[in-house]
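What the coordinates show
Residue strings, one per chain:
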Amino acid sequence: MSEPTKSENVSGAIPGQRGSGKGGRGGKDAERVASLWSDAWADLRRNPLFLIGGFLVLFMVVLAVVPGLFTDADPRSGGFCNLADSLKRPSGDHWFGFDVQGCDIYTRTVWGARNSIIVGLVTTTLVVLTGGLLGLWAGWIGGLGDSVLSRVTEIFFAIPLLLGGMLIMSTWGKGNAWTVSAVMAVLGWPQIYRLMRSAVLANKHNDYVVAARALGAGTGRIVGRHILPNAVAPVIVVSTINLGVYIGAEAALSYLGIGIQSPAISWGLMISDAQARFLNAPHVLLFPAAVLSVTVLAFIMLGDAVRDALDPKLR
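What you are looking at is a predicted structure, and each value in this text was computed from that prediction instead of being measured. (Residues numbered from 1 in each chain as written. Predicted model: local features only at pLDDT ≥ 70, side-chain atom pairs only at ≥ 80, totals over all residues. Heavy atoms only, no water.)

Quick notes on the overall build of the chain
- Across its full length, the chain carries 10 helices and 0 strands.
- What you see in the chain, going N to C, is helices and strands ordered as α-α-α-α-α-α-α-α-α-α.
- Looking at the chain as a whole, 43% of its 315 residues are labelled buried.
- Accessible area of the chain: about 16,600 Å², with a carbon and sulfur share of 64%. (Helix = DSSP H or I, 4+ residues; strand = E, 2+ residues; numbered from the N terminus. Buried < 20%, exposed > 50% of the residue type's maximum accessible area, 1.4 Å probe, protein only. Areas by Shrake-Rupley, 256 points an atom, 1.4 Å probe, with all protein chains shown as cover.)

Some details on a nonpolar patch on the surface
- The grouping of Leu58, Val62, Val65, Val66 and Leu69 at the surface amounts to a nonpolar patch, some 440 Å² of accessible area in total.
- Among the secondary structure elements, Leu58 is positioned in helix α2 (residues 48–65). (Patch = residues over 30% accessible without salt bridge, like charges linked within 9 Å, V, L, I, M, F, W, Y side chains within 5 Å. Salt bridge = Lys/Arg side-chain N within 4 Å of Asp/Glu carboxyl O.)

Some thoughts on the packing of aromatic side chains
- Taken as a whole and judged by the stated rule, the model has 7 aromatic pairs.
- Ring geometry for Trp41 versus Phe50: centroids 6.1 Å apart, planes at 90 degrees, classification edge-to-face.
- Each residue in the set Trp95, Phe96, Tyr106 and Phe287 is aromatic and connected to the rest through ring pairs, giving one cluster. (Phe/Tyr/Trp six-rings, centres within 6.5 Å; stacked < 30°, edge-to-face > 60°.)

A word on the nonpolar core
- Within the largest apolar cluster, 39 residues are counted, with the highest numbers of intra-cluster contacts made by Ile247 and Leu292.
- It is helix α10 (residues 283–310) that provides the largest number of residues to this core, a total of 13 residues.
- With residues up to four places along the chain from it excluded, the contact list for Ile247 reads Ser116, Ile117, Gly120, Leu292, Thr295, Val296 and Phe299.
- Counting residues in hydrophobic clusters, the runner-up holds 30 residues, among them Trp140, Met184, Tyr208 and Ile227. (Core = buried A, V, L, I, M, F, W, Y, C linked by side-chain atoms within 4.5 Å. Contact = heavy atoms within 4.5 Å.)

Quick word on the environment of Val100
- With respect to the element layout, Val100 can be found in the loop between α2 and α3 (105–141).
- Distance from Val100 to Ser86, taken between C-alpha atoms, is 4.8 Å for residues 14 residues apart in sequence.
- In contact with Val100, other than residues within four places in its own chain, are Leu83, Ser86, Leu87 and Arg277.

Remarks on the state of the cysteines
- Under the criterion given, the structure shown has 1 disulfide.
- Here Cys81 is linked by a disulfide to Cys103, with a sulfur-sulfur distance of 1.7 Å. When the S-S torsion is 100 degrees, as for the bridge of Cys81 with Cys103, the disulfide is right-handed. Residue Cys81 is found in the loop between α2 and α3, and its partner Cys103 is found in the loop between α2 and α3; the two are separated by 22 residues along the sequence. (Disulfide = S-S within 2.5 Å.)

Here we look at helix α9 (residues 267–274)
- The buried fraction of α9 amounts to 7 of the 8 residues, a majority that puts the element mostly inside the structure.
- All of the buried residues along α9 are Trp267, Gly268, Leu269, Met270, Ile271, Ser272 and Ala274.
- Buried residues along α9 sit against α3, α8 (219–255) and α10.
- Two to three positions downstream of the cap, the backbone nitrogen of Gly268 sits 3.2 Å from a side-chain oxygen, assigning the N-cap of α9 to Ser266. (Polar contact = N/O pair within 3.5 Å; in protein donor to acceptor, adjacent residues only side chain to side chain.)

Details of the packing of α3 against helix α4 (residues 143–157)
- Packing of α3 against α4 brings their axes to within 7 Å, and their N-to-C directions diverge by 135 degrees. Considering the angle they form, α3 stands oblique to α4. Here α3 and α4 pass one another in a crossing that is left-handed. Here α3 contributes Leu134, Trp137, Ala138 and Ile141 to the contact with α4, which in turn contributes Gly143, Gly145, Asp146 and Leu149. (Axes fitted to C-alpha atoms, helices over the stretch in contact; angles between N-to-C directions. Parallel < 35°, antiparallel > 145°, perpendicular 65-115°, else oblique. Left-handed = near helix turned anticlockwise from the far one by under 90°.)

Looking at unusual backbone geometry
- Here the bond from Ser262 into Pro263 is cis, since omega is 15 degrees, no more than 30 degrees from zero.
- With respect to the helices, strands and loops of the structure, Pro263 is situated in the loop between α8 and α9.
- Its identity as a non-glycine residue notwithstanding, Leu87 has a phi of 60 degrees, on the positive side.
- Relative to the helices and strands, Leu87 resides in the loop between α2 and α3.

Below, the structure is given as structure tokens:
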């Protein structure tokens with residue numbers, strides 16, 4: 001039997017195939033993206049910031065989805081509040097005490113998580129879809145559409161999130177979790193737009209994109225297989241951090257009386273109702289404020305951990 005020639009592959013694979021390790025640029029790019037995410041996940045699993053933040057976020061989501069796991073009482077039912085219990089201190093039976101209306105603060109805090117988490121998740125989803133798709137389109141197409149959208153985003157950036165939310169909600173009138181989410185999404189999408197647009201512009205002229213175009217790949221394949229996987233990382237990082245910011249903004253709007261309105265339950269509403277009684281009954285304000293702070297901190301911790309894992313400069 002003769003020895004294999006230099007043009008043959010000893011393993012039996014044909015040179016140029018992906019399995020031979022000599023594939024085209026598309027295969028190398030896919031391997032690079034896969035390596036980025038696999039390396040990031042490996043880093044996240046070893047990061048205590050991610051583990052603590054992820055556990056707290058998961059706990060708050062379960063609290064919002066299934067509050068019945070944590071309390072048997074329902075604050076929406078009649079007879080839940082009893083004025084005879086007004087401002088009673090925490091005890092073994094009622095861990096957080098009672099508010100001025102004689103309502104159990106623990107139960108209201110548990111049920112208040114639902115509106116806060118809804119606002120955070122819905123706002124973030126709307127912001128990512130709107131800003132991400134517009135940024136992807138503008139960065140890839142360029143031209144007049146890109147210029148017009150860039151000028152529009154500059155106008156929105158001149159409006160602070162909380163101030164703009166106050167102006168719109170005060171005009172809108174009575175609000176709920178969905179209207180608050182819509183208002184903050186309208187004000188928040190430009191940040192994601194600019195991130196996505198910048199990432200697309202940074203990647204659209206790379207060698208692997210030029211090679212894919214030369215090989216006849218269509219726009220959809222290039223964008224979906226090469227541009228988007230390399231541009232989505234900064235969007236994920238900022239969106240995770242901003243989710244906590246949106247929860248805090250909702251609480252601020254509700255505190256000011258122009259966000260979520262009664263009879264809905266919100267941590268911001270609870271803090272607003274408690275401010276006048278803080279000196280003689282501090283527990284009425286401290287418990288919902290503490291849960292709000294922990295929730296916002298959890299999402300920020302999660303976002304910081306994801307940023308550290310996905311940013312090659314921090315490795």
